[in-house]
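In case you want the letters, here they are:
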Amino acid sequence: MAIMTLLEAIRSALDYELGRDPNVLIFGEDVGFNGGVFRVTEGLQKKYGEKRVFDTPLAESALVGISIGMAINGLKPVAEIQFDGFTYPAFDQLISHASRMRTRSRGKFSCPLVVRAPYAGGVHAPEHHSESPEVFYAHTPGLKVVVPSTPADAKGLLLSAIRDPDPVIFFEPKKLYRTTKGEVPDGDYTVPIGKARLVKEGKDMSIITWGVMVSVCEEVARQLAQSGVDVEIIDLRTIAPYDIAAVLATTQKTGRVMIVHEAPRTCGFSTEIAAQIAEKALYYLKAPILRVTGYDTVMPLYKLENWYLPSAEKILFTAKKLMEY
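Residues numbered from 1 in each chain as written. Predicted model: local features only at pLDDT ≥ 70, side-chain atom pairs only at ≥ 80, totals over all residues. Heavy atoms only, no water.

Trainee: Which residues make up helix H12 (residues 312-324), and what values do they have?
Mentor: An ideal rise of 1.5 Å per residue puts 18 Å on 13 residues; H12 measures up with 18 Å between its terminal C-alpha atoms. Turning to H12, its buried residues number three or more, namely Ala312, Ile315, Leu316, Thr318, Ala319 and Leu322. Buried residues of H12, seen end-on, are gathered within an arc of 165 degrees and therefore sit on one face of the element. Within H12, the exposed residues directed more than 90 degrees away from the buried face are Glu313, Phe317, Lys321 and Glu324. Looking at the buried side of H12, the elements it contacts are strand E10 (205-209), helix H8 (213-225), strand E13 (257-264) and strand E14 (290-294). (Helix = DSSP H or I, 4+ residues; strand = E, 2+ residues; numbered from the N terminus. Expected span 1.5 Å × (residues − 1). Buried < 20%, exposed > 50% of the residue type's maximum accessible area, 1.4 Å probe, protein only. Arc of directions from axis to C-beta. Contact = heavy atoms within 4.5 Å.)

Trainee: Describe the packing of aromatic side chains, listing the residues and the values that go with them.
Mentor: As enumerated under the stated definition, the model contains 12 aromatic pairs in all. Geometrically, the ring pair formed by Tyr295 and Tyr308 is edge-to-face, given 6.1 Å between the ring centres and 70 degrees between the ring planes. Linking Tyr295 in the loop between E14 and helix H11 (302-308) with Tyr308 in helix H11, this pair joins segments that are 13 residues apart in sequence. An aromatic cluster is present here, built from Tyr88, Phe91, Tyr119, Phe136, Tyr137 and Phe171 joined pairwise through their rings. Cation over ring: Lys155 sits above Tyr16, and NZ or CZ is 5.9 Å from the ring centre. (Phe/Tyr/Trp six-rings, centres within 6.5 Å; stacked < 30°, edge-to-face > 60°. Lys NZ or Arg CZ within 6 Å of the ring centre and 35° of its normal.)

Trainee: Quick rundown of the nonpolar core? Include the residues and the values.
Mentor: Of all hydrophobic cores here, the largest spans 57 residues; its most connected members are Leu14, Met205, Met258 and Ile315. Counting 45 residues, the second-largest nonpolar core is a separate cluster that includes Leu25, Ala71, Tyr137 and Ala240. (Core = buried A, V, L, I, M, F, W, Y, C linked by side-chain atoms within 4.5 Å.)

Trainee: Lay out the environment of Ala281 in plain terms, naming residues and giving numbers.
Mentor: Topologically, Ala281 is positioned in the loop between helix H10 (269-280) and E14. Taking the relative accessible area as the measure of exposure, Ala281 reaches 1% and is therefore buried. Distance in space between the C-alpha atoms of Ala281 and Glu219 is 27 Å, their sequence separation being 62 residues. Once you skip the residues sitting within four places of it in the chain, Ala281 turns out to touch Leu248, Thr251 and Gln276.

Trainee: Talk me through the sheet that holds E14; I want residue IDs and the actual numbers.
Mentor: An order of E9-E11-E10-E13-E14 is seen for the 5 strands of this open sheet, with the pairing classed as mixed. A strand with exactly one partner marks an edge of an open sheet, and here the two such strands are strand E9 (197-200) and E14. Going across the sheet, the axis of each strand differs from the next one's by a mean of 25 degrees, ignoring polarity. Bridging between E10 and E13 involves 3 bridges; their strand directions are parallel. For Ser206, the partnering residue across the bridge sits in E13 and is Val257. (Pairing = 2+ DSSP bridges. Axes fitted to C-alpha atoms, helices over the stretch in contact; angles between N-to-C directions.)

Trainee: How would you summarise the pattern of salt bridges if you had to cite specific residues and measurements?
Mentor: Within the structure shown, the criterion is met by 19 salt bridges. Where Arg197 meets Asp235, a salt bridge forms, and the shortest distance between an N and an O atom there is 3.3 Å. In this pair, Arg197 is assigned in strand E9 and Asp235 in strand E11 (residues 231-235), connecting sequence segments 38 residues apart. Assessed through its relative accessible area of 0%, Asp235 is described here as buried. In this structure, Asp204 engages Lys203 in a salt bridge whose closest nitrogen and oxygen atoms are separated by 3.4 Å. On the accessibility criterion, Asp204 (17% relative accessible area) is buried. Taking the relative accessible area as the measure of exposure, Lys203 reaches 53% and is therefore exposed. One network of salt bridges, in which partners are shared, links Glu17, Arg20, Arg163 and Asp188. (Salt bridge = Lys/Arg side-chain N within 4 Å of Asp/Glu carboxyl O.)

Trainee: So what's going on with the side chain of Ser12? Which residues, and what values?
Mentor: Here Ser12 is to be found in helix H1 (residues 6-20). Here Ser12 falls in the buried class, since its relative accessible area comes to 19%. Apart from residues no more than four positions distant in its own chain, Ser12 is found in contact with Met4 and Lys155.

Put into structure tokens, the structure is as follows:
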């Protein structure tokens, strides 16, 4: 195993799959010559050539539309959209076409494409560069939505996404690109889509989260441990499909549940999780389900970003409230 950053693990997965499967193509805005705005694809064009790794115009709708055509004709496109907030011009292609291809063709065609995008806040970026749009795509039948939080998961989930017969939206927490390091298995290593990760076992309360918030919740768990509260943390890893079995198991185990995410609160994915718990595990609850989320506003500019994002302080305050109920 090698120690890698999350960015290096993603590049490792792309490199491995380009070498393994000649049908894999990587393209997007500046991903070739410059290696992407964050340099995730740096060196891949030089290694595999301009026919396998290439730049495209600033036209997200066309970028995803081309990917759909490639996918239904036997290729495996991996399209990078520079930032999460730039996926919206391609919304119609994803919702109206990519997600429906299997149903529309009655199984004759599948659409094995991956759309990669840097995701979420925490890097003091301008408007449209720090969005959390996962719920838009999770609501769409036919799309899978993946958000890794560790280097090993980034590699394993990306390899699974590229090999999946249907379209996958792969959101990469940009704050973690170079700040998170960990062991990454060599060679052909996959993580199943739809399976949550038990980050930490605990008995007193459960925190369900994903992306950047996983490490923030781990810090909260360490602080709560000092006062004798044993926290269990579940990293969903995949938003659609999500691991409802893991959610119900941790609810039944601790009886106290908090859900943490960066996206706005109203109709955020925490809403679906809370509803499923209420339907299927209500009598195990010892307290109401609590949420710590972003606000129902546009992500503010960098001077106010830290006020918007869930912080360790906000999560700790809510955890104490949950335990005191």
